[in-house]
Amino acid sequence: MTAGLFIVFEGGDGVGKSTQARRLARWLTERDHEVVRTFEPGDTLAGREIRRLVLDHASGELDPRAEALLYAADKAQHLFEVVRPALARGAVVICDRYVDTMLAYQGAGRALDLAEVARIARWATAELRPDLTVLLDLDPRRAVGTKAVKDKLESAGESFHDRARQHFLDLAAEAPESYLVLPARDAETAIAASVADRVAALLSARTGTLAP
Ligand SMILES: Nc1ncnc2c1ncn2[C@@H]1O[C@H](COP(=O)(O)OP(=O)(O)O)[C@@H](O)[C@H]1O
Ligand SMILES: [Mg+2]
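Just so you know, these numbers come straight off a predicted model, no measurement behind them.

Asks: Before we move on, can you summarise the overall build of the protein with the specific residues and values?
Replies: In terms of helices and strands, the protein carries seven helices and five strands. Compactness check: the protein gives a C-alpha radius of gyration of 17 Å against a globular reference of 17 Å for 212 residues, within 12% of the reference. Seen through its C-alpha atoms, the protein measures out along the principal axes to roughly 55 × 35 × 30 Å. For the protein, the proportion of its 212 residues judged to be buried stands at 43%. Taking all contacts inside the protein whose residues are at least 6 apart in sequence as the whole, residues at least 24 apart take part in 77%. Computing the positive centroid from 28 side-chain charges and the negative centroid from 32, the protein places the two 2 Å apart.

Asks: I'd like a rundown of the pattern of salt bridges, residues and numbers included.
Replies: Counted according to the given criterion, the structure contains 12 salt bridges. The salt bridge involving Glu-40 is made with Lys-75; its shortest N-O contact spans 2.5 Å. Here Glu-40, found in the loop between strand E2 (35–39) and helix H2 (45–55), pairs with Lys-75, found in helix H3 (residues 64–88); they are 35 residues apart in sequence, far enough to count as distant. This pair shows no difference in class: Glu-40 is buried, exactly as Lys-75 is. Bridged by salt links that share partners, the residues Asp-139, Arg-141, Glu-158 and Asp-162 form one connected network.

Asks: Help me get a handle on the packing of H3 against helix H5 (residues 114–124), residues and values and all.
Replies: Close contact between H3 and H5 brings their axes to 8 Å; oriented N to C, the two are set at 25°. Classified by the angle between their axes, H3 and H5 sit roughly parallel to one another. Crossing hand, H3 versus H5: right-handed. From H3, Arg-65, Leu-69, Ala-72 and Ala-76 reach across to H5, where they touch Glu-116, Ile-120 and Ala-124. Of the residues belonging to the contact of H3 with H5, the class tally is five nonpolar, no polar and two charged.

Asks: Quick one: what's the story with unusual backbone geometry, residue by residue and with numbers?
Replies: Following Glu-40, the chain continues into Pro-41 via a peptide bond in cis, with omega recorded as -5°. Structurally, Pro-41 can be placed in the loop between E2 and H2. One non-glycine residue with positive phi stands out, namely Arg-97, at about 75°. Assignment of secondary structure puts Arg-97 in the loop between strand E3 (92–96) and helix H4 (99–109). Look at Ala-126: it is not a glycine, yet its phi comes out positive at around 45°.

Asks: Could you give an account of helix H6 (residues 158–174), with specific residues and numbers?
Replies: Between its first and last C-alpha atoms H6 spans 25 Å; for 17 residues at 1.5 Å apiece the expected length is 24 Å, and the two agree. When H6 is considered as a whole, its buried residues turn out to be Phe-160, His-161, Ala-164, His-167, Phe-168, Leu-171 and Ala-172. End-on, the buried residues of H6 take up no more than an arc of 140°, which puts them together on one face. Structural note: H6 exposes Ala-173 and Glu-174 on the side pointing more than 90 degrees away from its buried face. Here the buried face of H6 lies against strand E1 (5–10), H4, H5, strand E4 (132–137) and strand E5 (179–183).

Definitions and limits used
- Residues numbered from 1 in each chain as written.
- Chains lettered and ligands numbered in written order.
- Predicted model: local features only at pLDDT ≥ 70, side-chain atom pairs only at ≥ 80, totals over all residues.
- Heavy atoms only, no water.
- Helix = DSSP H or I, 4+ residues; strand = E, 2+ residues; numbered from the N terminus.
- Rg over C-alpha atoms; globule rule 2.2 N^0.38 Å.
- Buried < 20%, exposed > 50% of the residue type's maximum accessible area, 1.4 Å probe, protein only.
- Contact = heavy atoms within 4.5 Å.
- Lys, Arg positive; Asp, Glu negative; His and termini not counted.
- Charge placed at Lys NZ, Arg CZ, Asp CG, Glu CD.
- Salt bridge = Lys/Arg side-chain N within 4 Å of Asp/Glu carboxyl O.
- Axes fitted to C-alpha atoms, helices over the stretch in contact; angles between N-to-C directions.
- Parallel < 35°, antiparallel > 145°, perpendicular 65-115°, else oblique.
- Left-handed = near helix turned anticlockwise from the far one by under 90°.
- Nonpolar A, V, L, I, M, F, W, Y, C, P; charged D, E, K, R; others polar.
- Expected span 1.5 Å × (residues − 1).
- Arc of directions from axis to C-beta.

So far we have only geometry, and geometry alone does not tell us how the molecule works.
Spelled out as structure tokens, the structure:
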């Protein structure tokens, strides 16, 4: 149980995670909540180095276990340095990608046993789960923002991204109470309104708990 609220945006590349994270942050700030916007991997000093190692073609082919441990290390450091302190002082933490991304992408790669990856991810995060995960779902073929220079994950094949998408959906289906799954090509404002509704409900439940 944390004082703040931990909200994660998940989904493939170019589905609108940053757009919606920005909108939610604005919505919350206007209502006088302290907001910390962050992302994985790479939003700490050590994390920046880890991000470079896992995503840059220059680091060559990484052993899948090494890769999983690097992602796990990034998460542990991120929670220690950014997420837990913010939650402890009651902030709303909005995080772009979290454990589901690691599971979806490492699982889609098929190189590792998914249950093992999940154990490593849960260990690295000491089981800290988001209060809400917003999954922006989209056929990878319809994602916008095709980049000229692609990192390792962005340049993985279509079937990889199809499997990752399905895995995101499976994770959401396992715990529907803590997910909001939305079609990513709905209007930006409509998505933002759905997210705000759900977050408002969480905030009032939290306030209700704290009320005398
Ligand atoms: N609901 C939407 N419908 C259509 N285009 C969108 C929508 N949300 C975001 N976009 C556009 O899609 C692109 C990728 O959005 P972005 O938020 O950067 O995605 P991500 O952070 O998931 O990679 C941007 O050009 C953005 O303006
Ligand atoms: Mg983004």
